[in-house]
Amino acid sequence: MSSTDSLTPTRIRELVRSRSLDHVVVLGANGTMGYGSGALFTQAVPKVTFLARTKAKADEGLAEAIGQVRSPTVASRVETGDYDHDLERAVGEADLVFEALTEDFAIKKDMFDRVEKARRDDAIVATVTSGLSINALCDGRSDSFRKNFLGLHFFNPPNVITGTELIAGDDTDPAVLDYVDAFSRSRLGREMVRTADTPAFAGNRVGFKVLNEAAQLAEELGPVLVDRLVGPYTGRALTPLATIDLVGWDIHRAIVDNVYEKTSDEAHATNELPAYMAKLIEKGVLGNKTGAGFFKRDGKARLVLDPVSGDYKPEAEIQVPALGYIDDVAQLHRQGRYGEALHVFLSAEGEHAAIARKVIAGYISYAFHRVGEVTDTINGIDRIMGMGFNWAPPSVLVDAMGKQAAVEMIEGAGLPVPANLAEAARTGAPEHLFEHPTINPGRFFVAG
Amino acid sequence: MAAGSEVYVLGGFQTDFARNWTKESKHFSALMRESVLGALETCEVAPEEIESAHVGNFAAELYCMQGHLGAFFTEVHPAFSGLPTGRHEAACASGSIAILAASAEIEAGRYDLQAVVGIEQMKTVSAAEGGAFLGTAAWYEEEAEGIEFPFPKLFGRLGDEYDKRYGLKDEYLAEISRLNYDNAKLNPNAQTRTWYMNKEHALCRTEDNPAVGGRIRIADCSQVTDGAVCVFLASRDYAEKYAKGMGKKLAEIPVIKGWGHNTARLRFDDKVAESSDDRYVLPHVRSTVTSAMKRAGIPDVSGIDGIETHDCFTTSEYMAIDHFGITEPGESWKAVDAGWLEIDGKIPVNPSGGLIGAGHPVGATGVRQLLDAHKQVTGTAGDYQVEGAKTFQTLNIGGSGTTSVSFVVSR
């Protein structure tokens, strides 16, 4: 997982010219990630084949793709078909096969059996999986398949969210990896982050840890207070529990269960799905897609879940402490005084401010602890949290509050201080931890 | 300009034009703050060094319910308290007018280091309301009142005038749009860099690309943008000191070699009537371009390595092409057709993506153009760099070709 920054503009231009990518086949084109990614490919690829179980389903995917990006270009570059009639022919012609089937190992494995037989030896095979292991998915396949197999993890919806993870298997050809990296950056406008083949890769590993901790806190504090405490003023556009409702409780469970089962890091307990969520998921509470999660709409009113009873109450009836410090922080953000704003947060008194600091300290501590495990440097985690989650990257928070203040916040929360952050605080170098020539750090601090 | 009174451009900072500061719940002052602090950091200038500041802005009173913008500069840093500041307005040319004022003060020897901030926050209101605000850049009562989106219609008429005098095919306008969007994909600060746009879409003449004013379609329009740009202008004395401190030679610091500035009558009809016997549709714009070249000692466009021009609509870029002298009057289509305007073409136009691709925060545009010219001639424009560029020219236009300002920047 060498750093993507090693690709210079000149090298990117050379790589993009080094081979042609004129035909992409999307498998599972009726799913959200299938048609969203398919639409994205039509920006830069002259022919994109949408395949699904039936042609009618692939046509539905095409209609969704057109609706998502509102351009006639999509229809003129897409052909549709089904697995029974069209897969072998289309895959045989494809330069890139993009797999976006449901997140089920056996289903993907069966599909790759067919792809392996039909593909050209030089065809790249990419999976958009967010949870399954890249090495496991290509285990036992031919040399040429394993050399050309990789994870290309777009975030939903890909036409809006540019952050993208690129995951190599043990046998992926570095030249193939460099090519997909360069093509995705320069032709698809992606912010590319290379990650290791570890559970949930980088973005979901760090992001869902924070979301799940918020869900754990909601059992005692209630959803309204939690979303206020870990709200926009902490560096995100969308509050954590509203995010889980948007993503879907089932998806949330799949990600955190996978991480909880396969990892044993210093913050293991925060990745355990709260029991009340497991119980409610069994009853069909899956978030926005089922009309109810932490929040649900009742006409104009918003109803809020009581995690203990499973009942919903109008938001207006829920009492939340005043938390004046949040308004002070927001007002400073509003005027672009981000450093001063974070210092008000750091020095805010009361148990609730301390809880909020613990979540943010946990985010920073967890991210810096993952360096070397999920990415080579903090820069990769920073970029995927910024451009994949639209959250203030850990380094942006540290830069804005100061490295020593960040260390003290983590200590104050009773959490382990990552050695790399402690070292940066001790030496003062580098001056800025967040390294990106063009991302404005201020964009992540929302005053709402 | 007299020897010894050159105006040097040290550099500056542009905010990401894709940001929506209303969605971030940010006040106008945050936008100014990020641009100025960004410029101080990028140029490695200490705040205490700044002696005066000029703010270019079109209509913060309308968009943000805020006037007295020069005073907001003092809010950025404690060292700025007490500095002489002011605000300049000339519709979409406001940023360039601020640069002219700052340059004049340097030439007069009043100050050695000036900050110029171009700024506009536009996403505070609906498209229709914003369209009406922009109508105040025309003669509002005569040309804009009661008209939905008056400016696309005015610039549609510029296309009509070309059509009448010389003939104009819409496919060339679509090609201008396509080029600006393509270039914007190379510019990490461009508003449209991730938009779904390609040649086929820009050329499309269906509901996916609806007409908004005569021959002007959505893909022909510049954007509604929140953005600010800050640049530092310096006297020769300061630039010498600065270059030394940065380990550079003075010759490596770009200079504003020439400027042009004209104001035509407000109403589009009056401008066109005045030019009925002229080879140029907007002769005052032509004069702005040529006077800047003349002051820079450049005979014609062959002495320019690239242009950042005012493509508020594709028709304004179409007009700029012959007004710069890239082609004979009325033959702009030839340059479009031949690919001369591409980044690696004979005379690259809007490598940044221009107002269509990079975005158009009205009062910031002129300053953004100057900063992009600076980036080009210092070889720091990244993916949209015009190879080997030594001299760039800008053209910034307020109203329907009313106030025009042009700068030639060279190293």
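Rules and cut-offs
Residues numbered from 1 in each chain as written. Chains lettered and ligands numbered in written order. Predicted model: local features only at pLDDT ≥ 70, side-chain atom pairs only at ≥ 80, totals over all residues. Contact = placed C-beta atoms within 7 Å. Nonpolar A, V, L, I, M, F, W, Y, C, P; charged D, E, K, R; others polar. Pairing = 2+ DSSP bridges. Helix = DSSP H or I, 4+ residues; strand = E, 2+ residues; numbered from the N terminus. Axes fitted to C-alpha atoms, helices over the stretch in contact; angles between N-to-C directions. Parallel < 35°, antiparallel > 145°, perpendicular 65-115°, else oblique. Left-handed = near helix turned anticlockwise from the far one by under 90°. Buried ≥ 20, exposed ≤ 12 C-beta atoms within 10 Å, placed from the backbone. Right-handed = clockwise from strand over helix to strand, strands pointing away. Domains from an automatic or database assignment. Expected span 1.5 Å × (residues − 1).

**Remarks on the interface of chain A and chain B**
Facing 21 residues of chain A, the contacting portion of chain B comprises 25 residues. Classifying every residue of the side of chain A that touches chain B gives five nonpolar, 13 polar and three charged.

**Digging into the sheet that holds strand E10 (residues 391-398) of chain B**
Residue and element names in this part refer to chain B. The sheet built from nine strands is open, its strands ordered E3-E2-E4-E7-E1-E8-E11-E10-E9 with mixed pairing. Strands with a single pairing partner mark the edges of an open sheet, and in this sheet they are strand E3 (85-88) and strand E9 (306-308). The mean inter-strand angle of the sheet, taken between neighbouring strand axes irrespective of direction, is 25°. Examined bridge by bridge, strand E1 (residues 7-14) and strand E7 (residues 227-234) share six bridges and lie antiparallel to one another. Within E7, the residue paired with Tyr8 across the bridge is Ala234. Lying over the sheet, helix H12 (residues 283-295) contacts strand E8 (255-263), E10 and strand E11 (403-410), oriented at roughly 155° with respect to E8.

**A look at the environment of A:Val16**
All names here are of chain A. Turning to its location among the elements, Val16 is positioned in helix H1 (residues 9-18). Val16 sits 168 residues away from Ser184 along the chain, and the two C-alpha atoms are 9.4 Å apart. Not counting residues up to four positions away in its chain, the partners in contact with Val16 are Ala182, Phe183, Ser186 and Arg187.

**Things to note about the packing of helix H2 (residues 32-42) of chain A against helix H3 (residues 55-69) of chain A**
All names here are of chain A. Their axes nearest at 8 Å, the elements H2 and H3 cross at an angle of 60°. As judged from the angle between their axes, H2 and H3 are oblique. In this structure, H2 meets H3 at a crossing whose hand is right-handed. Residues Gly34, Tyr35, Gly36, Gly38 and Ala39 of H2 pack against Gly61, Glu64, Ala65, Gln68 and Val69 of H3. Counted by class, the contact of H2 with H3 contains four nonpolar, five polar and one charged residues.

**A closer look at the pairing of strand E1 (residues 23-27) of chain A**
Residues and elements named next belong to chain A. Counting buried positions along E1 yields five of five residues, so the element is predominantly enclosed. Neither face of E1 is open: one carries His23, Val25 and Leu27, the other Val24 and Val26, and all of them are buried. Here five bridges tie E1 to strand E2 (residues 47-52), and the two strands are oriented parallel to one another. In the sheet register, Val26 faces E2, and the bridge partner there is Phe50. Assessed by its sense of winding, the connection that carries the chain from E1 through H2 to E2 is right-handed. Alignment of E1 against strand E4 (residues 96-99), held across four bridges, turns out to be parallel. When the sheet's bridge partners are listed, Val25 is paired in E4 with Val97.

**Comments concerning the domain arrangement of chain A**
Residue and element names in this part refer to chain A. According to the domain assignment, chain A contains domain 1 (4-195) and domain 2 (203-444). Here domain 1 and domain 2 have C-alpha centroids that lie 31 Å from each other. Listed per partner, the contact involves twelve residues of domain 1 and twelve residues of domain 2. If you list the elements that add at least two residues to the side of domain 1 that touches domain 2, you get strand E7 (163-168) and strand E8 (191-195). A total of four residues in the side of domain 1 that touches domain 2 trace back to one element, the largest contributor, which is E8. The residue inventory of the side of domain 1 that touches domain 2, partitioned by class, reads three nonpolar, five polar and four charged.

**Considerations on helix H1 (residues 28-43) of chain B**
Between its first and last C-alpha atoms H1(B) spans 23 Å; for 16 residues at 1.5 Å apiece the expected length is 22 Å, and the two agree. Contacts from the buried residues of H1(B) go to helix H15 (324-334) of chain A together with E1, helix H2 (60-63), helix H3 (69-72), strand E4 (113-120) and E7 of chain B. The first or second residue beyond H1(B) is B:Glu44, which carries a positive phi of 55°.

**Overview of unusual backbone geometry**
Along the chain, A:Asn156 connects to A:Pro157 via a cis peptide bond; the corresponding omega equals -10°. Assignment of secondary structure puts A:Pro157 in the loop between strand E6 (149-154) and E7. Of note, the bond from A:Ala429 into A:Pro430 is cis; its omega dihedral lies within 30 degrees of zero at -5°. At A:Ala200, a position not held by glycine, the phi torsion is positive, near 65°. Within the fold, A:Ala200 resides in the loop between E8 and helix H10 (203-221). Look at A:Ala200 and you get buried, because 25 C-beta atoms sit within 10 Å. The phi dihedral of B:Glu44 falls on the positive side, at around 55°, and the residue is not glycine. Along the chain, B:Glu44 falls in the loop between H1 and strand E2 (52-56).

**Some points on the pairing of E7(A)**
Residues and elements named next belong to chain A. For E7, a buried count of six out of six residues is recorded, marking the element as mostly surrounded by other parts of the structure. Residues Gly163, Glu165 and Ile167 line one face of E7 and the alternating positions Thr164, Leu166 and Ala168 line the opposite face, and both faces are buried. In the sheet, E6 pairs with E7 via five bridges, with the strands oriented antiparallel. Across the sheet, residue Gly151 finds its bridge partner in E7, namely Ile167. Where E7 and E8 come together, five bridges link them in parallel fashion. For Thr164, the partnering residue across the bridge sits in E8 and is Met192.

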